[in-house]
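Structural characterization, general
Next come the chains, spelled out residue by residue.
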Amino acid sequence: MTLSLKSFPLIVSSSMRNAFFTTAITAVTGISVLAPVQSANAASNLMDLFREKREAREMQRQQVQQPVQQVPQAAGAARTAKPAGAAQPAKTATAPVKAVSVKGPQIYDYKPEKLVKVDFTAVDMQLTAAISENEGGLLPSELYAEAADFISTLPQRADGLINPVAKKTATQTDTALVTAVLDVMKTTDVKAEQSVAEAIVSFYATEQALLWSDGLNVSSRAEDVLALFERAEEEGLVPAEYAVKVPDLEFDAAQKDQRIREMAAFEINLTARALRYALDAGEGRVIANRLSGFHDLPRNRIKPELVLKALAADAEPAETLAAFNPQNSYYQKLKTQLASMKPETKNTVRIAADTLIKPGQDNAELPKILALIVQKAPAGYLNSYQEMFDRHKDGTLYDPELVAAVKDYQKLMGKVPDGVIGRATIAGLQGETSSVKRERILYAMERLRWLPRDFGQRYVFVNQPAYRAQYFDQGKEQLAMDVVIGSPRNQTHFFYDTISTVVFNPSWGVPRSIVMNEMMPRILADFGYLDRNNYEVIAGGKRVASSSVNWSAVAQGKAHVGVRQKPGPNNALGELKILFPNSHDIYLHDTPSKAAFKRDMRAISHGCIRLADPRAMASAVMSTGEENLTKYFGKNERGIKVPSGVPIYLTYFTAWPDEASGKIRYYDDVYARDEGLAKAFQKTEQSRVAAM
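Residues numbered from 1 in each chain as written. Predicted model: local features only at pLDDT ≥ 70, side-chain atom pairs only at ≥ 80, totals over all residues. Heavy atoms only, no water.

Here the focus is the pattern of salt bridges. Where side chains of opposite charge bring their charged atoms close, a pairing between them can arise. Applying the stated criterion across every chain, the model contains 22 salt bridges. With a shortest N-O distance of 2.5 Å, Arg-285 and Glu-241 are connected by a salt bridge. Note that Arg-285 is positioned in the loop between helix H8 (256-283) and helix H9 (304-313) and Glu-241 in the loop between helix H7 (220-230) and H8, a separation of 44 residues in sequence. The class of Arg-285 is buried, set by a relative accessible area of 5%. What makes Glu-241 buried here is its relative accessible area of 0%. Taking the shortest distance from any N to any O, the salt bridge between Asp-482 and Arg-602 comes out at 3.5 Å. Placement of the pair is Asp-482 in strand E7 (residues 476-486) and Arg-602 in the loop between strand E14 (588-589) and strand E15 (603-605), with a sequence separation of 120 residues. Classification of Arg-602 as buried rests on a relative accessible area of 8%. (Salt bridge = Lys/Arg side-chain N within 4 Å of Asp/Glu carboxyl O. Helix = DSSP H or I, 4+ residues; strand = E, 2+ residues; numbered from the N terminus. Buried < 20%, exposed > 50% of the residue type's maximum accessible area, 1.4 Å probe, protein only.)

Here is the structure:
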């Protein structure tokens, strides 16, 4: 969510604050989703419904309305009557609370897809079984000849697929070769992705056909596919991951057994790599949801078994495979830019993405960092430190002498001279070199593969690193505005959905994490805090006074309540929110805090997207003019269904085409997701190449 606690007035004495922070600062726990506000349209509470179902599984509902423990008075203290309407004294927790915390999504240690053996041993090959029943133990060449003779004796089938004439026609020879190669396939050792391996076994067991052979030679269809693999880098892919050993053009006819083995291995390998290419081009080399809990992108849209059927039927299989790459204009612009940015041939110094070196630490990346400083520093600086850098050029200990030199260089860069070599210092050293820009284009091409091939004619597109939201109609940008996104700690997710509802005068169902991790300290310090600040508490489906809730029980996870901020000018969501129901409680909304839009770095919310011009976006998705929205504003919450669902894409691209100029623009990696993707690329390539 996007509420800043700075907007919460804390009416409590300094002594009460101190008491709280020493005894209850960690008091956090889970609470329930809120009951729907009756005056709101039911659609406006879909987000709450998602939260309710999820949180109901996390903890059992318990009785919440319990007598509140009163603060004991000192002996002999006088009881002074308060005039009607006077502020009631705040109630404070009387004992430390053993708290639980609410954790958000996590960053994962990426695991590439497991590769398994393409295993035919459990398959009863139709023709192979018929032959080997009486001819077990034949060599491949013998099996090849025997199969041809066997087929010639079969009666003609109704569909005419088998010729009963004894003469060995080309078709009979091909079928015999298939039989021989299929039998040898059982002895090959080829690894592939699980879905690919299963599709290969199923295809060859049922279709009894070879895709890439012309007799005992490599077919022209296969040569075209191999050429496509060699050009994989043009698509942002890695040619080495599709490498296939090709049988020699010439071979000794007397070594037919060996040739059949070579062709069998070639057949399976090329099929496996063709399917890998289709999956990579169409869905990405990396499984996005294995990167972090902030990724929520469907996969398995491409079915390997259907791809195989298409390759078998198509006279131009290379074109079929190439078509799996995205075809939209964004991808084409990125691809064009990639072609103009060939990998740097000079010795480019690249620092590991997660490098962090503090004074006194030992780190293998240190020599690279020193080399970059020497490479980029001005002459005046080097006059003072060149000799020292020469002495340390191969060392890995970040000693005081180097720390002083780095601090001086940080001053030259305009950075804080703290001597810590972290992301900011490394980014300043590496700069926006062509190699860095090229990598960002590769990341962008990969991320595009995680999205639908066609965004549609009408959609909303949010690029988080650009802090920008756009509305498209008829495929053209009609509206664009600045946005505020989640902070690095409360990142906005990468996913897509469909806008369904615009809610006017919204209430705010405070997410459990915000209540427990951020608001609970104030609630425990002052039980009347929520009532005075336009919040309501829901317990057992009923609205209750917050002072009647046993907040200590809630803080310990022993009770379950909901908190909602009522509609009003100070509501965190402003005057409207735009819903696309999802399990992450993320939506677009207004905000009463407009100052953030003046900042360059606008990753400061709790995850939702704040819009600079919410009325314009609401009118766009509702297909109406802004003047027609006036009737919806007032005191009561009101949800209006969007006439036709509008796709929305909450994306993350650090390189992206500018809509006006078409040129590629580059953005800061605000969530360090490029670093995570770079590691996933590396692990994927290592896993695949090692298995070949």
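On average, residues of the chain score 81 in pLDDT, and 77% of them reach the 70 mark or higher. Within the model, pLDDT remains below 50 along residues 1-46, and this stretch shows 139 contacts once partners closer than five positions in the same chain are excluded. Across residues 127-173, where pLDDT falls below 50, the model places 58 contacts with residues more than four positions away in sequence or in other chains. (pLDDT = per-residue confidence, 0-100. Contact = heavy atoms within 4.5 Å.)

What follows concerns a negative patch on the surface. Together, Glu-223, Asp-224, Glu-316 and Glu-319 give the surface a local cluster of negative charge. Within the secondary structure, Asp-224 sits in helix H7. (Patch = residues over 30% accessible without salt bridge, like charges linked within 9 Å, V, L, I, M, F, W, Y side chains within 5 Å. Areas by Shrake-Rupley, 256 points an atom, 1.4 Å probe, with all protein chains shown as cover. Lys, Arg positive; Asp, Glu negative; His and termini not counted. Charge placed at Lys NZ, Arg CZ, Asp CG, Glu CD.)

Here Ser-513 lies in helix H17 (residues 512-525). Judged by relative accessible area, Ser-513 falls into the partly exposed class, the value being 30%. Setting aside anything within four residues of it in sequence, one finds Ser-513 in contact with Val-102 and Glu-518.

Along a regular strand, successive side chains alternate from one face of the sheet to the other. Of the two faces of strand E12 (residues 562-565), the one lined by Gly-562 and Arg-564 and the one lined by Val-563 and Gln-565 are each fully buried. Here strand E10 (residues 535-539) pairs with E12 via 4 bridges, running antiparallel. Each residue of the ladder has a partner; that of Tyr-535, found in E12, is Gln-565. (Pairing = 2+ DSSP bridges.)

To continue, consider empty space enclosed by the protein. Empty space among the atoms becomes visible once a probe the size of a water molecule is rolled across them. Inspection of every chain in the model, using the stated rule, returns 4 cavities of 30 Å³ or more. In this structure, the largest cavity encloses a volume near 60 Å³. Lining of the largest cavity is provided by Pro-112, Glu-113, Leu-115, Glu-193, Arg-285, Arg-299, Thr-684, Ser-687 and Arg-688. Among the elements that take part in the lining of the largest cavity, helix H21 (residues 673-690) stands out by supplying 3 residues, more than any other. Grouping the amino acids of the lining of the largest cavity by side-chain chemistry returns 2 nonpolar, 2 polar and 5 charged. One number sums up the size of the second largest cavity: a volume of about 50 Å³. Among the residues forming the lining of the second largest cavity, the class breakdown is 6 nonpolar, no polar and 3 charged. (1 Å grid on protein atoms, 1.4 Å probe; cavity = no way out; pocket = protein on both sides within 12 Å on 5 of 7 lines; lining within 4 Å. Points joined across faces, edges and corners; volume = space filled by probe spheres on them. Nonpolar A, V, L, I, M, F, W, Y, C, P; charged D, E, K, R; others polar.)

With that settled, consider helix H13 (residues 379-392). In a regular helix each residue adds 1.5 Å, so 14 residues correspond to 20 Å; H13 covers 19 Å between its end C-alpha atoms and thus fits that length. At Tyr-385, H13 shows its maximal kink, close to 60°. Residues of H13 that are buried: Tyr-381, Leu-382, Tyr-385, Met-388, Phe-389 and His-392. In this fold, the buried residues of H13 make contact with helix H12 (366-376) and helix H14 (400-413). (Expected span 1.5 Å × (residues − 1). Bend = angle between axes of the 7 residues up to and from the residue.)

Attention now moves to the environment of Asp-109. As for its placement among the helices and strands, Asp-109 is situated in the loop between helix H2 (46-58) and strand E1 (115-117). Residues Asp-109 and Gly-676, spaced 567 residues apart in sequence, show a C-alpha to C-alpha distance of 8.7 Å. A distance of 2.4 Å separates polar atoms of two side chains, one belonging to Asp-109 and the other to Lys-683. (Polar contact = N/O pair within 3.5 Å; in protein donor to acceptor, adjacent residues only side chain to side chain.)

By the element assignment, Thr-188 lies in the loop between helix H5 (170-185) and strand E2 (191-193). Overall, Thr-188 belongs to the buried group, its relative accessible area being 7%. Of the polar contacts made by the side chain of Thr-188, one reaches the backbone oxygen of Met-185; its length is 2.7 Å. Those residues in contact with Thr-188 that sit more than four places away from it in its chain are Lys-117, Ala-264, Ala-265 and Ile-268.

Formed by 102 residues in total, the largest nonpolar core has its most connected members in Met-519, Trp-551 and Met-617. Here Trp-551 is in contact with Met-520, Ile-523, Leu-524, Phe-527, Leu-530, Val-537, Ser-546, Val-561 and Val-563, once residues within four sequence places are set aside. (Core = buried A, V, L, I, M, F, W, Y, C linked by side-chain atoms within 4.5 Å.)

Its boundaries defined by the atoms lining it, the largest pocket holds a volume of some 1400 Å³. If you trace the largest pocket, you find 42 residues lining it, with Arg-350, Glu-439, Tyr-443, Asp-674 and Ala-678 closest to the centre. Those elements giving two or more residues to the lining of the largest pocket turn out to be helix H15 (423-430), helix H16 (434-448) and H21. Top element by residues in the lining of the largest pocket is H21. It accounts for 7 residues. Tallied by class, residues from the lining of the largest pocket come to 20 nonpolar, 4 polar and 18 charged.

Attention shifts here to the packing of aromatic side chains. For the structure shown, the criterion picks out 28 aromatic pairs. For the pair Tyr-459 and Tyr-649, a centre-to-centre distance of 5.8 Å together with 80° between the ring planes defines the contact as edge-to-face. A residue pair is termed long-range when its members are at least 10 positions apart, and Tyr-459 in strand E5 (residues 459-463) and Tyr-649 in strand E17 (residues 638-651) qualify at 190 residues. Among the residues examined, Tyr-649 registers a relative accessible area of 4% and is labelled buried. One aromatic cluster in this structure is built from Tyr-330, Trp-450, Phe-455, Tyr-459, Phe-461, Phe-472, Phe-494, Tyr-496, Tyr-649, Phe-653 and Trp-656. Here the basic side chain of Lys-577 rests over the ring of Tyr-587, its NZ or CZ set 5.2 Å away from the ring centre. Here Arg-673 stacks its cationic end above the ring of Tyr-652, 4.8 Å away from the centre of that ring. (Phe/Tyr/Trp six-rings, centres within 6.5 Å; stacked < 30°, edge-to-face > 60°. Lys NZ or Arg CZ within 6 Å of the ring centre and 35° of its normal.)

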